[in-house]
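Here is what each chain is made of, one letter per residue.
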Amino acid sequence: MNSARDAADVDPTVIEALSAAGVATVYEAAGRRGLIDVDLVRVVPGSRVAGAARTVVCGQGDNRAVHEAMTLVRPGEVLVLTMPEPAPVALIGELLATQAKVAGAAGVLVDAAVRDVDELRALGLPVWARWCRVRGATKRERGSLDVPVSVGGATVEPGDIVVLDADGAVVVRRTSADAVVAATRSRTAREVGLRARLEAGEFSYDLHGMRTEDEPGGR
């Protein structure tokens, strides 16, 4: 798969819709599939992004592959940086993040550590990571680019859409993106209606039919 070509081919309205909806809504709309089920630090407060995945498998404790990946990043992509085993080793810091920002990356998901946290926040490129640690990586192993990776129990294929916000991360298969967007829009519209009724004083216990199930003939 040529993930650069695939990323460029993703309908921007799909990306916009998934980003606007956010991780929780997309996860539920996707049938509770694709959750990246691991604690993540959102380095830049307020960040919310979605984009096609540019995947990287580094050597263990090594970030040579991240340096190579920076030569391939396309605008709007989310870099997904992994190692064979997650460990608190910094795969990216200010200088690599600067390259990603210049290339137009939408964000970075690091299944390892980041460092230069103050500088990353000042840079403003959205970054999510398992840890913030200063322990540096070696640069000896080339690693692999644009291959399937596993993060938090989810498989991310090159070109899949990764959604990230304060709740964490979820991946949407590129082949099912249109269906997930349709389900997401439907769920969002339903929640708007529910919110209006809750603000008017009704209870979710009644709106979801739970009172009727628990107390037949309930008020």
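Throughout, residues of each chain are indexed from 1 in the direction in which the sequence is written. Reporting in this predicted model follows two pLDDT cut-offs: at least 70 for local features of residues, and 80 or more for side-chain atom pairs to be given and counted; totals over whole chains, interfaces and linings ignore these cut-offs and use all residues. Hydrogens and water molecules were not included; the side-chain quantities draw on all heavy atoms of the structure.

(A) Structural view of the packing of helix 2 (residues 12–21) against helix 7 (residues 177–199). Lines are fitted to the C-alpha atoms to define the axes, a helix being fitted only along its stretch in contact, and any angle between axes, read from their N-to-C directions, falls within 0 to 180 degrees. A run of H or I in DSSP counts as a helix once it spans at least four residues, and a run of E counts as a strand once it spans at least two, with each numbered from the N terminus. The contact between helix 2 and helix 7 brings their axes to 10 Å, and the two run at 40 degrees. Taken together, the axes of helix 2 and helix 7 are oblique relative to one another. Crossing handedness for the pair helix 2 and helix 7: left-handed. Residue-level contacts link T13, V14, A17, L18 and A21 of helix 2 to A177, D178, V180, V181, T184, R185 and T188 of helix 7. By the convention adopted, Pro, Cys, Tyr, Trp, Phe, Met, Ile, Leu, Val and Ala count as nonpolar, Lys, Arg, Asp and Glu as charged, and the other residues, Gly among them, as polar. By residue class, the composition of the contact of helix 2 with helix 7 is seven nonpolar, three polar and two charged. Here the angle decides the label: under 35 degrees means roughly parallel, over 145 means roughly antiparallel, 65 to 115 means roughly perpendicular, and every other value means oblique. Two helices crossing with the near one rotated counterclockwise from the far one by less than a right angle form a left-handed crossing, whereas a clockwise rotation gives a right-handed crossing. Every residue pair with non-hydrogen atoms within 4.5 Å of one another is taken to be in contact.

(B) Spatial organisation of helix 2. Within the span of helix 2, buried status applies to V14, I15, A17, L18, S19 and A21. Contacts made by the buried residues of helix 2 are with helix 3 (23–29), strand 3 (49–57), strand 11 (161–165), strand 12 (168–172) and helix 7. Of the residues flanking the end of helix 2, it is G22, one or two places downstream, whose phi is positive at about 90 degrees. Burial classes: relative accessible area under 20% of the type maximum marks a residue as buried, over 50% as exposed, and values in between as partly exposed (1.4 Å probe, protein chains only).

(C) Focus on the layout of surface pockets. Throughout, the protein atoms alone are placed on a 1 Å grid, and a set of points is a cavity if a 1.4 Å probe fits but cannot get out or a pocket if it is open with protein on both sides within 12 Å along at least five of seven lines; lining residues have an atom within 4 Å of a point. Grid points are joined across faces, edges and corners, and a volume is the space filled by probe spheres set on the points. Roughly 190 Å³ of volume is contained in the largest pocket. If you go around the largest pocket, you meet 14 residues; those closest to its centre are N63, I92, G93, L96 and R115. Looking at the lining of the largest pocket, the elements with two or more residues in it are strand 5 (90–92) and helix 5 (94–103). For the lining of the largest pocket, the element with the most residues is helix 5, which contributes four residues.

(D) Inspection of the environment of P126 at higher detail. Structurally, P126 can be placed in the loop between helix 6 (117–123) and strand 7 (127–132). Judged by its relative accessible area of 13%, P126 falls in the buried class. Residues P126 and L40 lie 86 residues apart in sequence; the distance between their C-alpha atoms is 12 Å.

(E) Main features of the pairing of strand 3. Counting buried residues in strand 3 gives eight out of nine residues, a clear majority hidden from the surface. As judged from the five bridges shared by strand 3 and strand 4 (residues 78–82), these two strands associate in the parallel manner. Bridge pairing in strand 4 places T55 opposite V80. When the strands point away from the viewer and the path from the first strand over the helix to the second turns clockwise, the crossover is right-handed. For the handedness criterion, the β-α-β arrangement of strand 3, helix 4 (residues 64–69) and strand 4 is classed as right-handed. Pairs of strands are assigned from DSSP output, requiring at least two bridges between the strands. Bridge analysis of strand 3 against strand 8 (residues 144–145) gives two bridges, and the strand direction is antiparallel. In the strand pairing of strand 8, V57 is matched with S144.

(F) A look at the pairing of strand 4. Buried residues dominate strand 4, accounting for five of its five residues. In strand 4, alternate side chains face the same way, and those of V78, V80 and T82 on one face and L79 and L81 on the other are all buried. Relative to strand 6 (residues 107–114), strand 4 is paired through four bridges, and the arrangement is parallel. By the bridge assignment, L81 is partnered in strand 6 with V110.

(G) Spatial organisation of the pattern of salt bridges. Any Lys or Arg side-chain nitrogen found within 4 Å of a carboxyl oxygen on Asp or Glu counts as a salt bridge. Following the criterion strictly, the structure yields nine salt bridges and no others. Of the charged contacts, one joins R142 and E68 as a salt bridge, the two residues approaching to 2.8 Å between their closest N and O atoms. Of this pair, R142 sits in the loop between strand 7 and strand 8 while E68 is found in helix 4, placing the two residues 74 residues apart along the sequence. Accessibility expressed as a relative area gives 57% for R142, which makes it exposed. Linking D160 and R173 is a salt bridge whose minimum nitrogen-to-oxygen distance equals 2.7 Å. Taken together, the residues D160 in the loop between strand 10 (154–156) and strand 11 and R173 in the loop between strand 12 and helix 7 connect sequence positions 13 residues apart. We classify D160 as buried; its relative accessible area is 4%. Connected through shared salt-bridge partners, R54, E77 and D146 make up one network.

(H) A look at the nonpolar core. Core analysis: the biggest nonpolar cluster contains 33 residues, and L79, L81, L91, I92 and V110 have the highest contact counts within it. For this core, the secondary-structure elements that each account for two or more residues are helix 4, strand 4, strand 5, helix 5, strand 6, helix 6 and strand 7. Among all residues touching V110, those that are not within four sequence positions of it are L81, L91, I92, V127, W128, A129 and R130. V23, A30, I161 and V163 belong to the second-largest nonpolar core, a separate cluster that totals 18 residues. We define the nonpolar core as a collection of buried residues of types Ala, Val, Leu, Ile, Met, Phe, Trp, Tyr and Cys that are connected through side-chain atoms lying within 4.5 Å of one another.

Any functional reading would require information beyond the geometric quantities listed.
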